[in-house]
Amino acid sequence: MSTPPAPSALDLEVEGMTCASCVRRVETALTKVPGVAQASVNLATRRAHVTLAAEGADPGALVAAVEKRGYQARLLRREDPAQAAGDADANEDAAAGRRFFLALVLTLPVFLVEMGGHLVPALHHAIQSLVDPQALAWAEFALATAVLAGPGRAFFTRGFKALRHLGPDMNTLVALGAGSAWLYSALVTVAPALFPDEVRHLYFEAAAVVATLILLGRWLEARARGRAGSAIRHLIGLRPRTAWARRGGDWAELPIDALAAGDEVRVRPGEKIPVDGIVVEGESWVDESMITGEPIPATRRPGDRLIGGTLNTRGGLVMRATQVGADTVLAHIIRLVEQAQGAKLPIQRLVDRVTGWFVPAVMGLAVLAFLGWLFWGPEPRLTHALIAGVAVLIIACPCAMGLATPISIMVATGRAAGLGIVFRQGDALQRLRSVRVAAFDKTGTLTLGRPALSDALPLDGLDRPALLAAVAAVQSASEHPIAHALLEAARAERLPLAPVEGFAALTGAGVQGRVGGHGWLLGSEALMRDHGVPVEAEVEAQVRALAGQGKTVFLAARDGRLAGVLAVADPLRPGAREAIARLHALGLKTALITGDHEAAARAVAGELGIDIVHARTLPAHKAELLRALRREAGSLAFVGDGINDAPALATADVGIAIGQGTDVAIESADVVLMNEDLNSVARAIALSRLTLRNIAQNLFWAFAYNAALIPVAAGALYPYTGLQLSPMLGAGAMALSSVFVVVNALRLKWLPLEVRHG
């Protein structure tokens, strides 16, 4: 038995990360494992994507490296149900909520005793008269200790473990800040004689409130992050849990995981299609909007393809399963969305480098602030020094920095998936923003890729239905694509077709046969002349005009007299004209690159308003042409669907594949349009611009917040106002900064994707 090939990449689920410093440390730990080429960690999804070198790496060593740094890690397999991510989010939300409410219950008495006494002097006097001050101090000590040792314990276990590995993070800052306030207060409580009266203050309420406010921030962040990941959970929820399959001649309800390729499955009205397959019996309307974003249900008959997770709305169907489990379209989409959400944009790598040095710098600033107040501050110096040092540590936690980019990517790619736009590469979001040219293939992309009757001009006293019925009857014996187009047109108009007699195909020229007692000849102008059928100058002009529009034109003769002019064309894809207009409104140039002849290309470009046209382009030359176009006009996206488009899709800055195109094209693309709606190209670009703008807002807030408030926390305003920033206010501001970033990113779920220029 042959050994399966080693995987080229692995994914880990990492628990315990709280800030950008955590991300940096986990990435560093993973890249040091032998056999690892690159590691990318995402704070919002809590995933690590590890690219392996040719020799591969030991998965156990990867997990051990992460756990050695103080985090929990689990190897994710390809077939792992993504539901686990949703369950993990729900569990984290619930656990964070429990920790916050327990801390709140323990902190409220301490807060009310200390701060309530300052706000309401009568309350302070009442408490002093009822309770001995030393007993009150011991009560505050017990409650604050319970907060830090219970719901706040993780700050210390993770923070000091990170410090031990010379990689301080947000937990380290909180542990040092809250721990310093607690330790000072505990010493004052246990041995008050060691301290002069003027510095004998308790800061238990600061330690407890800081921990509680940060736990509140984490709970709110977990709830908001759960909403950010709702797209994945929605996709997961599309898959039914059971299905009716035929086994041994009988129908039985089986778990979805028990289905195998080749099974016959029954789908009743109102049920979801359980797996991918082909219709073998029945006819129905299937709502595929949850996969493609297309709101109108599609008719499905025997031989048609079905996508797992879509909804059978009316008739009953029997299908043959073709892909099950991890091989279905839905499972593939979920994996692509997860990969895109876990991607690291170039801008995020810069942020990670900055924040790698940020926490040590903050610790240094806290020490300087403490020493500055201790040696040069007003009395009581130790009190002022402690407040300044703790406030700097607390307020500078880089949570918002670490979330600024990944949370926006998470929300944006989730929204895109709901619109039928799947990002195979998350960094395509950033590259799409700078696209200046949108280039399209023609056949199958701007057009439907199948010929259809466009013109039927009757002559010799015939009307259009009579001409079309006779011509379709003759062509009913032919297998030519043009024959199929004529038959489809006749069926669409419900025209009765008489039987054809004496049918003959005239190689390279046309066909002939007898219908209704008349002899019919169909073909080119040259064929007509060869058979002695006169073609008037007026008809020649019509033929030239239609051919000039890129249409395939042929003539019909009945009993030796010209009876009609017909033309077949590849019809434009619905919405193509609007899609090109939207791209122009976004400030983009448009280009058509096709192997079709010049007349057809010019006709399509003229009808759609496309700026640049290149016809008769061989597949091998498309990539070269795109490179030249990029040098001339700037960054470009290419939209295509066929095997011959794969090199162009890979060459473009952003390759966009039509979802029902070939697998080769889709695998070469960065973005896949599952709905085949060309308007989604403009939507994707608009979403990219909104997302990068959202990320810029988040990063500005995160960095500006720290730049502005660290000096305030250090006491910069004290000479002017006589006030220092309380560590409690710092904790509240820090928690709110993270929540602000997440909530701002959630706006991407609702912001309109209207066309904007520039």
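Owing to the predicted nature of the structure, the values given are computational and were not obtained by experimental measurement. Counting of residues starts from 1 at the beginning of each chain's written sequence and follows it residue by residue. Local features in a predicted model are, by the rule used here, given only for residues with pLDDT of at least 70; side-chain atom pairs are given and counted only at 80 or more, and totals for whole chains, interfaces and linings are based on all residues. Calculation of side-chain values draws on the structure's entire complement of heavy atoms; hydrogens and water are dropped beforehand.

## Considerations on the overall build of the protein chain
- The helix and strand inventory of the protein chain stands at 29 helices and 26 strands.
- Looking at the protein chain as a whole, 52% of its 758 residues are labelled buried.
- By definition in these notes, contact holds between two residues if any of their heavy atoms fall within 4.5 Å. In the protein chain, once contacts between residues fewer than 6 apart in sequence are set aside, the share between residues at least 24 apart is 69%.
- As presented, the protein chain carries roughly 32,700 Å² of accessible surface, and 60% of it is formed by carbon and sulfur atoms. The numbering of helices and of strands both runs from the N terminus, where a helix is a DSSP run of H or I of at least 4 residues and a strand a run of E of at least 2. Summary of the burial criterion: residues with accessible area below 20% of their type's maximum are buried, those above 50% are exposed, and those between are partly exposed, where the area comes from a 1.4 Å probe applied to protein chains only. Using a 1.4 Å probe, accessible areas were evaluated by the Shrake-Rupley method; residue-level cover was limited to the displayed protein chains.

## Here's the deal with the sheet that holds strand S20 (residues 552-558)
- Here the rule is simple: two strands pair whenever DSSP picks up at least two bridges between them. Taken together, six strands build an open sheet; the order of strands is S16-S21-S20-S19-S18-S17 and the sheet is antiparallel. Two strands lie at the open edges of the sheet, namely strand S16 (452-458) and strand S17 (500-506), each paired on one side alone. Between one strand and the next, the sheet's axes are offset by a mean angle of 20 degrees, whatever the strand orientation.
- As defined by bridge partners, strand S19 (residues 518-523) adjoins S20 across four bridges and the pair is classed as antiparallel. Opposite Leu522, over in S20, you have Ala556 as the bridge partner.
- The sheet contacts of helix H21 (residues 537-548) involve S16, S20 and strand S21 (561-569), and relative to S21 the element is tilted by about 5 degrees. Structural elements are reduced to axes, namely lines fitted to C-alpha atoms, with helices fitted over the stretch in contact, and the angle between N-to-C directions of any two is expressed from 0 to 180 degrees.

## Description of the packing of helix H15 (residues 406-418) against helix H27 (residues 679-714)
- For the pair H15 and H27, the least separation of the axes is 9 Å and the interaxial angle reads 160 degrees. Taken as axis vectors, H15 and H27 run roughly antiparallel relative to one another. Between H15 and H27 lies a crossing of right-handed hand. Facing H15, whose interface residues are Ile407, Ser408, Ile409, Ala412, Arg415 and Ala416, H27 presents Leu687, Thr691, Asn694, Ile695 and Asn698.
- The residue inventory of the contact of H15 with H27, partitioned by class, reads six nonpolar, four polar and one charged. By the definition adopted for this analysis, an angle is roughly parallel if under 35 degrees, roughly antiparallel if over 145, roughly perpendicular if from 65 to 115, and oblique otherwise. Left-handed describes a crossing in which the near helix is turned anticlockwise from the far one by less than a right angle; the clockwise case is right-handed. Each residue gets one label: Ala, Val, Leu, Ile, Met, Phe, Trp, Tyr, Cys and Pro are nonpolar, Asp, Glu, Lys and Arg are charged, and the others, such as Gly, are polar.

## Comments concerning the nonpolar core
- Residues enter a nonpolar core if they are buried and are Ala, Val, Leu, Ile, Met, Phe, Trp, Tyr or Cys, with the set joined through side-chain atoms within 4.5 Å. The biggest cluster of nonpolar side chains holds 133 residues, and the ones touching the most others in it are Met17, Leu30, Phe423, Leu446 and Leu583.
- In terms of residues, this core owes the most to one element, H27, which gives 13 residues.
- Taken domain by domain, this core gets at least three of its residues from each of domain 1 (9-78) and domain 3 (423-441 + 572-683).
- Leaving out residues up to four positions away in the same chain, Met17 has contacts with Cys22, Val23, Val26, Val41, Asn42, Leu43, Arg46 and Tyr71.
- Judged by nonpolar contacts, the second largest core, of 27 residues, contains Leu462, Ala473, Ala489 and Leu495. Reported domain spans reflect what an automatic or database domain assignment gives.

## Some thoughts on the pattern of salt bridges
- Any Lys or Arg side-chain nitrogen found within 4 Å of a carboxyl oxygen on Asp or Glu counts as a salt bridge. This model, assessed by the stated rule, comprises 20 salt bridges.
- Taking the shortest distance from any N to any O, the salt bridge between Glu283 and Arg301 comes out at 3.5 Å. Taken together, the residues span a long stretch of sequence, with Glu283 in the loop between strand S8 (276-282) and strand S9 (284-287) and Arg301 in the loop between strand S10 (298-300) and strand S11 (305-306) at a distance of 18 residues.
- Accessibility expressed as a relative area gives 44% for Arg301, which makes it partly exposed.
- For the salt bridge of Lys622 with Asp441, the shortest nitrogen-to-oxygen distance reads 3.2 Å. With a gap of 181 residues between them, Lys622 in helix H24 (residues 619-633) and Asp441 in the loop between strand S15 (437-440) and helix H17 (442-446) connect regions that are remote in the sequence. You'll find Lys622 and Asp441 in the same group, each marked buried.
- One network of salt bridges, with partners in common, ties together Asp460, Arg558 and Arg561.

## Details of the confidence of the model for the protein chain
- Summary statistics for the protein chain give a mean pLDDT of 81 and a share of 84% for residues scoring 70 or more.
- Below a pLDDT of 50 lies the segment residues 80-84, which in the model reaches eight contacts outside its immediate sequence neighbourhood of four places, other chains included. What pLDDT conveys is the predictor's confidence in a given residue, as a value from 0 to 100.

## Regarding the side chain of Lys622
- Exposure remark for Lys622: the relative accessible area of 1% places this residue in the buried category.
- Counted as a polar contact is a pair of N or O atoms within 3.5 Å, where, for protein atoms, one must be capable of donating a hydrogen and the other of accepting one, and residues adjacent in sequence contribute only when both atoms are in side chains. Here Asp441 takes part through its side chain, which lies 3.2 Å from a polar atom of the side chain of Lys622.

## Let's talk about the UniProt feature "transmembrane region" (unreviewed entry) in the protein chain
- UniProt positions are given in the numbering used here, feature names are shortened, and annotations may be inferred rather than shown by experiment. Annotation from UniProt places "transmembrane region" (unreviewed entry) at residues 100-123, 135-152, 173-195, 201-220, 354-376, 382-405, 699-720 and 726-746.
- Between the C-alpha atoms that bound residues 135-152 there is a distance of 24 Å. The span itself is 83% helix and 0% strand.
- The span residues 699-720 is 86% helical and 0% strand by assignment, and the distance between its end C-alpha atoms comes to 30 Å.

## Some points on the side chain of Asp263
- Locating Asp263 in the fold gives a position in the loop between strand S6 (250-255) and strand S7 (264-267).
- Exposure remark for Asp263: the relative accessible area of 12% places this residue in the buried category.
- A distance of 2.5 Å separates a polar atom in the side chain of Asp263 from a polar atom in the side chain of Arg247.
- Ignoring anything within four residues of it in the chain, the contact list for Asp263 reads Arg247, Ala258, Met319, Arg320 and Ala321.

## Describing the sheet that holds S10
- The antiparallel open sheet is built from three strands, whose spatial order is S10-S9-S12. Both edges of this open sheet fall to S10 and strand S12 (311-312), since each of them pairs with a single strand only.
- The pairing of S9 with S10 spans three bridges and is classified as antiparallel. From the neighbouring strand, Val286 faces S10, where its bridge partner is Ala298.

## Some remarks on the packing of aromatic side chains
- Here is the rule: rings of Phe, Tyr and Trp (six-membered ring for Trp) pair when centre to centre is within 6.5 Å. Planes less than 30 degrees apart are stacked, more than 60 are edge-to-face, and the remainder are tilted. Going through the model one piece at a time under the given rule, you end up with 10 aromatic pairs.
- Between the aromatic rings of Phe141 and Trp182, the centroid separation amounts to 5.8 Å while the plane-to-plane angle is 25 degrees, which identifies the pairing as stacked. One end of the pair, Phe141, is in helix H5 (residues 133-149); the other, Trp182, is in helix H7 (residues 170-190), with 41 residues separating them in the sequence.
- With 5.9 Å between their ring centres and 70 degrees between their planes, Phe141 and Phe204 make a pair best called edge-to-face. Taken together, the residues span a long stretch of sequence, with Phe141 in helix H5 and Phe204 in helix H8 (residues 204-228) at a distance of 63 residues.

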